[in-house]
Structures are given as C-alpha cells and as structure tokens.
Amino acid sequence: MEIPFWDKSIETIDRSELEKLQLAGLKRQVENALKTTFYKNKLLKEGIIGGSSIKSLDDLRRLPFTTKSDLREAYPFGLMSVNKEDVVRIHASSGTTGTPTIIYQTQKDVSMAADTMARSLVAAGCTKNDICQNMMTYGLFTGGMCFHYGAERLGMTVIPTSSGNTIRQIKFMHDFGTTVTHATPSYLLHLHQAIEESEYDRNDFKWRLAVTGAEPHSEELRCKIQDKLGIEVYNCYGMSELNGPGVAFECIFRKGMHIWEDRYIIEIIDPVTLEPVPEGEVGELVVTILHRDAMPLLRYRTRDLTRIIPEPCACGRTHRRLARFTGRSDDMLIINGVNVFPSQIEEVLLKVNGVGANYLIVVEKQGDLDKLTVQTEVTPEMFTDDTRPLNALKERLKAEMSALITINPVIELKESGSMPVSEGKAKRVDDRRPKDF
Ligand code: AMP
Ligand code: ZN
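Residues numbered from 1 in each chain as written. Chains lettered and ligands numbered in written order. Predicted model: local features only at pLDDT ≥ 70, side-chain atom pairs only at ≥ 80, totals over all residues. Heavy atoms only, no water.

Our next topic: the overall build of the protein. When its secondary structure is counted, the protein shows 11 helices and 21 strands. Relative to its length of 437 residues, the protein is compact, with a C-alpha radius of gyration of 23 Å against a globular reference of 22 Å. With respect to the three principal axes, the spread of C-alpha positions in the protein is 75 × 60 × 45 Å. For the protein, buried positions account for 55% of its 437 residues. Accessible area for the protein stands at about 19,100 Å²; split by element, carbon and sulfur atoms hold 51% of it. Across the protein, the mean location of the 55 positive side-chain charges is 3 Å away from that of the 61 negative side-chain charges. (Helix = DSSP H or I, 4+ residues; strand = E, 2+ residues; numbered from the N terminus. Rg over C-alpha atoms; globule rule 2.2 N^0.38 Å. Buried < 20%, exposed > 50% of the residue type's maximum accessible area, 1.4 Å probe, protein only. Areas by Shrake-Rupley, 256 points an atom, 1.4 Å probe, with all protein chains shown as cover. Lys, Arg positive; Asp, Glu negative; His and termini not counted. Charge placed at Lys NZ, Arg CZ, Asp CG, Glu CD.)

Here is the structure:
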C-alpha cells in the first residue's frame, strides 16, 4: 500500500534529528517570548535571558505554564512579539466574547499554518484532485479560514460554504461533486439525515471522506457515521490558540492522531500536580508552539485530556500519536462545536433583573445535534396572571446569551423556590449527552 506524504523527510524524521529541530524552535520561541510584555518578566524571573538560556529540551520545564486566562489577561497585545504592522491576521476562540482569547499571525505564520494543515490532509489521503466543502464557520473561528488555507495549499478545490444552510450544503455537494467535507461529527449526522429526506439520491454524490473535529466524539460515533454515510471519517484536533485545526491528525490507518512534533512540543501532565504522567497514561495535553513568530505560546495548558500512543504507527511517521480525547480538565462545554463556559451563562443570569436564585444548564442530544437549555428561577413578583413580563424576560435572556455564547439556548423559567437547592456544591450543569468513550 502506498502511504501518502506531504513532506516525507520531515514526517519520518529520525527522533534524534526531530529533537534538534525542537530545541532550535524552542530557543527561537523563548527569544520571541522575551519580546512580549506578557512573558518578559516571567522569564527573566526564572533567569531566562535569551534563547541561549535553553541548553536542552529538559529546560522546557523551567518555563512557566500558560493558561486561557493568561491569554485573556494579555488581551489585546500582550502576547505580540512582532511589530503590529507585521501582523496580517487575528483570530479568536469559538464562543468567546467578553475578553476573547485571540491569536495573531504574520504572513509567514499564516503560510506555516497552511502547510501544517496541508500535511494533515495529505496524511489522511486527500489530494489536489479533491473537491472540499468546508462546513465550519468562517470568521473569527479558525475552523473556517485556517482549514481553508491548508486545503488550498494542497491544491484542493475549496468551497467555503461555512456552517448551516443544510439544503444549500447538499445542493453544492451534489452539483460540484464534493469528495471531502470538514464539519463537526454531530453536523455530519444531521447532514446525512437531511440528504435522506432530500430529493437527492446518495448514490449521485462523490462524497468519500470527512474530516471531523472541534468536539469530543467516540470511536463508536465515528463507526456509526462511516457506516451510515459510506465514507471514511478522520479525526482532526486543533484549537484557535494553536492556529486552528490540523495540530494532530489521523493518517490513513486511523489509529490515533499524529501530532506534528516539529511544530509543537507536547507534554502530558497530571492536571492537579502539574507533573508529567508516565508515557501512555491519560493526562492534560500541554503544548508549546514552535512555528509562530507573531505570538509565542509556552507550555499552553489545553485542558484537553488524552494520552500518547507509544507504539510506532504502520505509516512510518515518527511523530507520536494522541489517542482520542476523552474530556477536559475544566468545566468548558462544547456544544455543536462551540466552546461554552458555564460562567458565561451565569454572567447573563446575574445581571438581568427578574432572575431568581437557582439555575441549571442542561445539555442533551436532540436528534444528532446538541441542545442547550437554561432553566432558571425567577423572582417571586414575576409570576402573576400577566405573562408578558415573563415572555419579555425569556426573550431578553435568549438574546443576551446568544450574543455572548454565539448559540441559541432554550430558556425555561421556573417559579421561585421550585428548583431543588443542593446542600453541597451547587450542580449547575447537567450534561445528558451519551458518553461512550
Ligand atoms: P476552538 O479553539 O474553538 O477551536 O476549540 C478548541 C477545543 O475544541 C479544543 O481545546 C478541544 O476541547 C475541542 N476539540 C477540537 N478538536 C477536537 C477533537 N478532534 N476531539 C475532541 N475535542 C476537540
Ligand atoms: Zn500513522
């Protein structure tokens, strides 16, 4: 069997050579970090005065961890390590409003990210002959443009349909002979259902492969999608902080995602002790980015839980594989691919008059998509014969929340005192989605 490569020499590089590249990259990133207001003092305090302070990869552990709240603290320019004129693009994490977590890229960074993405797509067997429909949202979210640039770099024909408008998605897939799609796994199931109900016959489509990511999903779900849709489904991991999709990607063997170690240094740590876990055990993924000039990110705590698959892969790539993600070490919810923190919902509830003391966030499956319901008590005077204030409150909460978290919740208002009061720590989230991994 012929194994496809984008850059075989790098993808199959000897590990000792790879480590040399990582060390050079780490020195460069430390130099960059010292140019930022955010890292400068933190590094100087540790006695790190330049790239030369990093003698070996073990020195990584002298560097501070970086968290999502650090990124917010550094907003808007605290992590910029180049002149503002050299930045050509800014992106933000999905669902973030208020103080967003953003990234900046130079022209070279955009190009490097596209190259990483193209490498990933080739690993999965995509070629320049593919017609690729990108159903991820375009805009601040990296799943749109960053994927797009990579697919174009490979030479695919890219149709930037963005998310939603399923009828049009199906029409384009049919009329242009789309072979590859990029969407969340839940949207794929929804799309399948819509094709079944449409005027089109599945046999008239050329669809052969789907790239999925942006939300955790199980191997069982992958198999279900593959069986139902008759296509190959590849898992793709990424996040806006790390330039979007394509950080780790499955090769044609689909047994875990190769993480591109010439571009990222990874650690798997115990989220409580912050110490590394033995190789092969589950922990939180920590990533240091090596190929971005405009914005260094040292030991970034992704909060995503996974483990390294230590065995070599049959494809011959020497970059290690990450197992399917099993959850997060924080309370972030991913709802139809969009990141939502319960605190964002609480923020709205707390500022709107008429909202009572107790609330519960319910996430469940409705068909193949996620449904978010916010149940909240209202103040005693709200429950009268006149339903207009209640309806107005509902509309206001809905509008404020969808503005803040970019998805539309269902709002259920409850009479004051009608929701159970927990004795210990209040249970604010009831995630009823099946968890089979
Ligand atoms: P964003 O920054 O909006 O792209 O969201 C990134 C987050 O989405 C990651 O930190 C993960 O929690 C989640 N995510 C992305 N890709 C995957 C994947 N393939 N499997 C599980 N979770 C994923
Ligand atoms: Zn492989």
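Picking up after the structure, the text goes on.
A few words now on the coordination of the zinc ion (ligand 2). For the zinc ion (ligand 2), every protein donor is listed as C251 (SG), H258 (NE2), C313 (SG) and C315 (SG), and the spread of their distances is 2.0 to 2.3 Å. Seen from the zinc ion (ligand 2), its 4 donor atoms lie at angles of 102 to 117°, and the figure they make is tetrahedral. If you list the donors of the zinc ion (ligand 2) from N- to C-terminus, the spacing comes out as C-x6-H-x54-C-x1-C. On the basis of relative accessible area, C313 is assigned to the buried category, the value being 11%. A residue is classified by how much of its surface remains accessible, and C315, at 5% relative accessible area, is buried. (Donors = N, O, S within 2.8 Å, 3.2 Å for Na, K, Ca; no water. Tetrahedral: all angles 85-135°; square planar, octahedral: opposite > 155°, others 65-115°.)

Attention now goes to the sheet that holds strand β20 (residues 410-414). With mixed pairing, 4 strands are arranged side by side in an open sheet as β20-β19-β18-β21. Two strands lie at the open edges of the sheet, namely β20 and β21 (429-431), each paired on one side alone. If you compare each strand with its neighbour and ignore which way they point, the axes differ by 20° on average. Contacting β18 (355-366), β19 (369-378) and β20, helix α11 (residues 388-405) crosses the sheet at an angle of about 140° to β20. (Pairing = 2+ DSSP bridges. Axes fitted to C-alpha atoms, helices over the stretch in contact; angles between N-to-C directions. Contact = heavy atoms within 4.5 Å.)

On to the packing of aromatic side chains, then. A complete count under the given rule lists 4 aromatic pairs for this structure. With 5.0 Å between their ring centres and 75° between their planes, F38 and Y39 make a pair best called edge-to-face. Neither residue differs from the other here; F38 and Y39 are each classed as buried. Relative to F176, the ring of F172 has its centre 5.3 Å away and its plane inclined at 35°; by these criteria the two rings are tilted. (Phe/Tyr/Trp six-rings, centres within 6.5 Å; stacked < 30°, edge-to-face > 60°.)

Here we have 4 strands laid out as an open sheet, ordered β10-β11-β12-β15, and antiparallel in their pairing. What marks the edges here is a single partner per strand, and that holds for β10 (264-269) and β15 (327-328).

This brings us to the pairing of β10. Of all 6 residues that make up β10, 6 are buried, and the element is covered over most of its length. Here β10 shows a buried face lined by Y264, I266 and I268 and a second buried face lined by I265, E267 and I269. Sheet analysis places β10 next to strand β11 (residues 283-289), joined by 6 bridges and oriented antiparallel. Residue pairing in the sheet places I268 in a bridge with L285 of β11.

Moving on, we come to the side chain of E250. Here E250 is to be found in strand β8 (residues 244-250). In contact with E250, other than residues within four places in its own chain, are A123, A124, R222, V233, Y234, N235, K255, G256, M257 and R324.

As assigned here, the protein comprises domain 1 (1-329) and domain 2 (333-431). The partner domain 2 presents 15 residues to the 16 residues of domain 1 that form the contact. Summed over both partners, the interface of domain 1 with domain 2 buries about 1,200 Å², with 52% contributed by carbon and sulfur atoms. In this assembly, domain 1 and domain 2 are joined by 2 residue pairs in polar contact (both at pLDDT 80 or more). For the side of domain 1 that touches domain 2, the secondary-structure elements that each account for two or more residues are α4 (68-73) and α8 (185-197). Among the elements that make up the side of domain 1 that touches domain 2, the one with the highest residue count is α8 (4 residues). Class assignment of the residues belonging to the side of domain 1 that touches domain 2 gives a composition of 4 nonpolar, 9 polar and 3 charged. (Domains from an automatic or database assignment. Buried area = accessible area lost by both parts, 1.4 Å probe. Polar contact = N/O pair within 3.5 Å; in protein donor to acceptor, adjacent residues only side chain to side chain. Nonpolar A, V, L, I, M, F, W, Y, C, P; charged D, E, K, R; others polar.)

In this section: the nonpolar core. L63 and L322 are the most contacted members of the largest nonpolar core, which totals 45 residues. Beyond its immediate chain neighbours, meaning those up to four positions away, L63 contacts L26, V30, L43, I48, I54, L298 and R299. In this structure, V340, V363, L372 and L404 belong to the second largest nonpolar core, which totals 25 residues. (Core = buried A, V, L, I, M, F, W, Y, C linked by side-chain atoms within 4.5 Å.)

Relative to the assigned elements, Q105 resides in strand β2 (residues 102-106). Among the residues examined, Q105 registers a relative accessible area of 1% and is labelled buried. In terms of polar contacts, Q105 uses its side chain to reach the side chain of N243, at 3.1 Å. Setting aside anything within four residues of it in sequence, one finds Q105 in contact with D86, V87, V88, R89, H91, V110, A113, C146, N243, R292 and A294.

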